[in-house]
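Listed here are the chains, written in short residue letters.
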Amino acid sequence: MSYLLTTLTKKEDVDSIIRDTIDKLLVLRFGRSSDSVCLLLDDILSKSEQDVSKFASIALVDVDSEEIQVYVKYFDITLIPSTVFFFNAQHMKMDSGSADHTKWVGAFHRKQDFIDVVEEIFRGAMKGKLIVNCPLPPERIPKFQLLYKGV
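Residues numbered from 1 in each chain as written. Predicted model: local features only at pLDDT ≥ 70, side-chain atom pairs only at ≥ 80, totals over all residues. Heavy atoms only, no water.

- By the naming in an unreviewed UniProt entry, the protein chain goes by Thioredoxin-like protein 4B and is assigned to Deinandra increscens subsp. villosa.
- In its Subunit (unreviewed entry) section, the UniProt record describing the protein chain reads: "Homodimer. Interacts with the U5-102 kDa protein subunit of the spliceosome." (UniProt positions renumbered as here; feature names shortened; annotations may be inferred.)

**Quick look at the overall build of the protein chain**
Move 1: Secondary structure summary: the protein chain contains four helices and seven strands in total.
Move 2: Helices and strands in the protein chain line up, N terminus first, as β-α-β-α-β-α-β-β-β-α-β.
Move 3: Computed over C-alpha atoms, the radius of gyration of the protein chain comes to 14 Å, within 12% of the 15 Å expected from 2.2 N^0.38 for 151 residues, which places it in the range of a compact globule.
Move 4: Projected onto its principal axes, the C-alpha positions of the protein chain cover 35 × 35 × 30 Å.
Move 5: In the protein chain, which comprises 151 residues, the proportion classed as buried is 43%.
Move 6: Considering only contacts within the protein chain whose residues lie at least 6 apart along the sequence, 74% involve residues at least 24 apart.
Move 7: Put simply, the protein chain shows about 8200 Å² of open surface, and 51% of that area lies on carbon and sulfur atoms.
Move 8: Mean positive and mean negative side-chain charge positions of the protein chain (19 and 22 charges, respectively) differ by 3 Å. (Helix = DSSP H or I, 4+ residues; strand = E, 2+ residues; numbered from the N terminus. Rg over C-alpha atoms; globule rule 2.2 N^0.38 Å. Buried < 20%, exposed > 50% of the residue type's maximum accessible area, 1.4 Å probe, protein only. Contact = heavy atoms within 4.5 Å. Areas by Shrake-Rupley, 256 points an atom, 1.4 Å probe, with all protein chains shown as cover. Lys, Arg positive; Asp, Glu negative; His and termini not counted. Charge placed at Lys NZ, Arg CZ, Asp CG, Glu CD.)

**Some points on a negative patch on the surface**
Move 1: A cluster of acidic residues, E12, D13, E66 and E67, forms a negative patch at the surface.
Move 2: Relative to the helices and strands, E66 is located in the loop between strand 3 (56-62) and helix 3 (69-74). (Patch = residues over 30% accessible without salt bridge, like charges linked within 9 Å, V, L, I, M, F, W, Y side chains within 5 Å. Salt bridge = Lys/Arg side-chain N within 4 Å of Asp/Glu carboxyl O.)

**Some thoughts on the packing of aromatic side chains**
Move 1: Within the structure shown, the criterion is met by eight aromatic pairs.
Move 2: With 5.0 Å between their ring centres and 80° between their planes, Y74 and F75 make a pair best called edge-to-face.
Move 3: The class for Y74 is exposed, based on a relative accessible area of 65%.
Move 4: Residue classification places F75 among the buried positions, given a relative accessible area of 6%.
Move 5: Note on F108 and F114: the rings are 5.3 Å apart at their centroids and 70° apart in plane angle, and the pair reads as edge-to-face.
Move 6: Among the aromatic side chains, those forming a connected cluster through ring pairs are F30, Y71, Y74, F75 and F86. (Phe/Tyr/Trp six-rings, centres within 6.5 Å; stacked < 30°, edge-to-face > 60°.)

**Observations concerning the packing of helix 2 (residues 36-52) against helix 4 (residues 111-126)**
Move 1: Packing of helix 2 against helix 4 leaves a shortest axis separation of 9 Å and a crossing angle of 50°. Classified by the angle their axes make, helix 2 and helix 4 are oblique. For the pair helix 2 and helix 4, the crossing hand works out as right-handed. Listed contacts from helix 4 to I44, L45, K47, S48, D51 and V52 of helix 2 are K111, F114, I115 and V118. (Axes fitted to C-alpha atoms, helices over the stretch in contact; angles between N-to-C directions. Parallel < 35°, antiparallel > 145°, perpendicular 65-115°, else oblique. Left-handed = near helix turned anticlockwise from the far one by under 90°.)

Next comes the structure, spelled out in structure tokens:
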């Protein structure tokens, strides 16, 4: 389903979409089109795109592209898929109970989970918040273990 969504492979394209998306939430999925979990997330994103189109835009970012590595390093994309949110070029964060509030790691369980998260971040952004609480119950939030190298 990733062919239904805009795929970005150049740094300039990512810069442009972040800068030019105004008064809408921008959802960037970092991952690979060959990964099964990314494909599952892409299916949910493509099915949700019409429902959130009035207040959100969705794009895919290919982590294997050489030009994108600056964003992969900046957002510390070590696990894929990772979803990052922006509003008016401002990075939006979400407290989902994990140590990393900068991105959503993993796929959403259902289409409605994704819509709920996007709505919550959009509402928070409209109120001027930079970080919001995750609206999902803990059992529907993907769990992962952070490993710190050289600490």
